[in-house]
Amino acid sequence: MLACFIILAGYFKIPTGIPGSEFQLSAPVAVAIVAVFGFKRYFLAGMIATVLLLLLGIHTIINAEISLIFRLTVGLIILFCGTSIPVLVLAGPIGTAVARIGLAFTLDIPILPLLIPVIPGMIITALCVWPITKMMRTIHEKVGARNDVPRVF
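These figures come from a predicted structure and were not determined experimentally.

1. Focus: the overall build of the protein chain
Tallying secondary structure elements over the protein chain gives 7 helices and 2 strands in all. The linear arrangement of helices and strands in the protein chain, starting from the amino end, is α-β-β-α-α-α-α-α-α. Here the C-alpha radius of gyration of the protein chain, 16 Å, is about what a compact globule of 153 residues would show, namely 15 Å. Summarising its shape, the C-alpha atoms of the protein chain cover approximately 55 × 35 × 30 Å along the three principal directions. Here the protein chain, with 153 residues, has 40% of them falling under the buried criterion. Look at the contacts in the protein chain between residues 6 or more apart in sequence, and 67% of them connect residues 24 or more apart. Element-wise, carbon and sulfur atoms account for 74% of the exposed surface of the protein chain, whose accessible area totals about 9100 Å². Taking the average place of the 10 positive charges on the side chains of the protein chain and the average place of its 5 negative ones, the gap between the two points comes to 10 Å.

2. Observations concerning the UniProt feature "transmembrane region" (unreviewed entry) in the protein chain
The residues that UniProt annotates with the feature "transmembrane region" (unreviewed entry) are residues 42-62, 69-91 and 111-132. In residues 69-91, helix accounts for 87% and strand for 0%; the two terminal C-alpha atoms are 12 Å from one another.

3. Notes on the packing of helix H1 (residues 2-10) against helix H2 (residues 26-37)
Their axes nearest at 8 Å, the elements H1 and H2 cross at an angle of 160 degrees. Classified by the angle between their axes, H1 and H2 sit roughly antiparallel to one another. Between H1, through Leu 2, Phe 5, Ile 6, Ala 9 and Gly 10, and H2, the contact on the second element is made entirely by Ser 26, Val 29, Ile 33 and Phe 37. A class-by-class count of the residues in the contact of H1 with H2 yields 7 nonpolar, 2 polar and no charged.

4. Remarks on the packing of H2 against helix H4 (residues 61-81)
The interhelical angle for the contact between H2 and H4, taken along N-to-C directions, is 40 degrees, at an axis separation of 10 Å. By the angle class used here, H2 and H4 are oblique. Remark: the crossing between H2 and H4 carries right-handed chirality. Contact residues: Ala 27, Ala 30, Val 31, Val 34 and Ala 35 in H2; Phe 70, Val 74, Gly 75 and Ile 78 in H4. Partitioning the contact of H2 with H4 into residue classes produces 8 nonpolar, 1 polar and no charged.

5. Quick look at H2
Under the 1.5 Å per step criterion, the end-to-end length of H2 is 16 Å for 12 residues, consistent within 8% with the ideal 16 Å. The buried fraction of H2 amounts to 11 of the 12 residues, a majority that puts the element mostly inside the structure. The complete set of buried residues in H2 reads Ser 26, Ala 27, Pro 28, Val 29, Ala 30, Val 31, Ala 32, Ile 33, Val 34, Ala 35 and Val 36. Looking at the residues trailing H2, positive phi occurs at Gly 38, about 95 degrees.

Rules used throughout
- Residues numbered from 1 in each chain as written.
- Predicted model: local features only at pLDDT ≥ 70, side-chain atom pairs only at ≥ 80, totals over all residues.
- Heavy atoms only, no water.
- Helix = DSSP H or I, 4+ residues; strand = E, 2+ residues; numbered from the N terminus.
- Rg over C-alpha atoms; globule rule 2.2 N^0.38 Å.
- Buried < 20%, exposed > 50% of the residue type's maximum accessible area, 1.4 Å probe, protein only.
- Contact = heavy atoms within 4.5 Å.
- Areas by Shrake-Rupley, 256 points an atom, 1.4 Å probe, with all protein chains shown as cover.
- Lys, Arg positive; Asp, Glu negative; His and termini not counted.
- Charge placed at Lys NZ, Arg CZ, Asp CG, Glu CD.
- UniProt positions renumbered as here; feature names shortened; annotations may be inferred.
- Axes fitted to C-alpha atoms, helices over the stretch in contact; angles between N-to-C directions.
- Parallel < 35°, antiparallel > 145°, perpendicular 65-115°, else oblique.
- Nonpolar A, V, L, I, M, F, W, Y, C, P; charged D, E, K, R; others polar.
- Left-handed = near helix turned anticlockwise from the far one by under 90°.
- Expected span 1.5 Å × (residues − 1).

See the structure below:
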């Protein structure tokens, strides 16, 4: 379910007015997932999402690289620094920046042309992550964490 949520959130894109810099809802959703469900579940869900998108031909190896670097960066920041509001607010933008730096090295191009266009999305991610995390945490506590639900299988 988390992998599908990551995939679907990636389709919600908000233009920022700068070519090539739309905001994807998947970034704050990813930060919220690692904050609520933990690094292992988050990373596994992210890898499943990436494999599915690669198999469907929607993503390329470059997209997979960006996703992997983002997931590792965000996941490790939250794993080691906790889930306080400042950490969550900074984790997404830092993950985006590190992923773009990795892409610059892969493509052997300057970092700034890749980094500057994503600044608006990084700001929107920082602003959206806390409300999304709060909502996801509330839903998980009220519905997802119940152990009294009978299992079908």
